[in-house]
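Examining the three-dimensional arrangement
Residues per chain, in single letters:
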Amino acid sequence: IVSINIVNEAWFQSQPEDVQEAIRGAEPKVVAFGVENAERSNEVWLANNGECRQMPPAEKMTTIVSFLAPDTKIVEQIPAVKAEFTNRKALVDQ
């Protein structure tokens, strides 16, 4: 599990500069911990005869689409959320 920090922009802007900087500084640490934790977990899993398998690409895409469908319907009901989702998705898709 890789974690990210997400906060409300209006709330974030209302915070003092030191709090904003603390939040900004936490993001790389949270991501690094998540990546390292996933790597450690995989190593322990494999060391104990676990297997890591990859889904075939078509099945993986079907699964991703099925996970996104309910969220997308919810997001599209709120214009401000839809706009933010669209902006963030564009960044991810680059």
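Model, not experiment: these values are computed from the prediction.

**So, the overall build of the protein chain**
Looking only at helices and strands, the protein chain has four helices and zero strands in total. Written out in order from the N terminus, the α and β elements of the protein chain read α-α-α-α. Compactness check: the protein chain gives a C-alpha radius of gyration of 18 Å against a globular reference of 12 Å for 94 residues, more than 25% above the reference. With respect to the three principal axes, the spread of C-alpha positions in the protein chain is 50 × 35 × 20 Å. Classification of the 94 residues of the protein chain by burial places 6% in the buried group.

**Description of a nonpolar patch on the surface**
On the surface, M61, I64, V65 and L68 cluster together to form a nonpolar patch covering roughly 350 Å² of accessible area. Structurally, I64 is set in helix α3 (residues 57-75). For I64, a relative accessible area of 35% puts it in the partly exposed group.

**Comments concerning the environment of I6**
Relative to the helices and strands, I6 is located in the segment before α1 (9-14). Look at I6 and you get exposed, because its relative accessible area is 63%. On a C-alpha basis, the gap between I6 and I23 in space is 9.7 Å, while along the polypeptide they are 17 residues apart.

**A word on α3**
Along its 19 residues, α3 runs 26 Å from first to last C-alpha, staying within 8% of the 27 Å computed at 1.5 Å per residue. Of all bends in α3, the biggest is about 35°, found at A69, and the proline P70 comes one to four residues later.

**Considering the confidence of the model for the protein chain**
Residue-level pLDDT values for the protein chain average 88, and 95% of them are 70 or greater. Ranking the elements of the protein chain by mean pLDDT puts α3 last with 86 and α1 first with 94.

The rules we used
Residues numbered from 1 in each chain as written. Predicted model: local features only at pLDDT ≥ 70, side-chain atom pairs only at ≥ 80, totals over all residues. Heavy atoms only, no water. Helix = DSSP H or I, 4+ residues; strand = E, 2+ residues; numbered from the N terminus. Rg over C-alpha atoms; globule rule 2.2 N^0.38 Å. Buried < 20%, exposed > 50% of the residue type's maximum accessible area, 1.4 Å probe, protein only. Patch = residues over 30% accessible without salt bridge, like charges linked within 9 Å, V, L, I, M, F, W, Y side chains within 5 Å. Areas by Shrake-Rupley, 256 points an atom, 1.4 Å probe, with all protein chains shown as cover. Salt bridge = Lys/Arg side-chain N within 4 Å of Asp/Glu carboxyl O. Expected span 1.5 Å × (residues − 1). Bend = angle between axes of the 7 residues up to and from the residue. pLDDT = per-residue confidence, 0-100.

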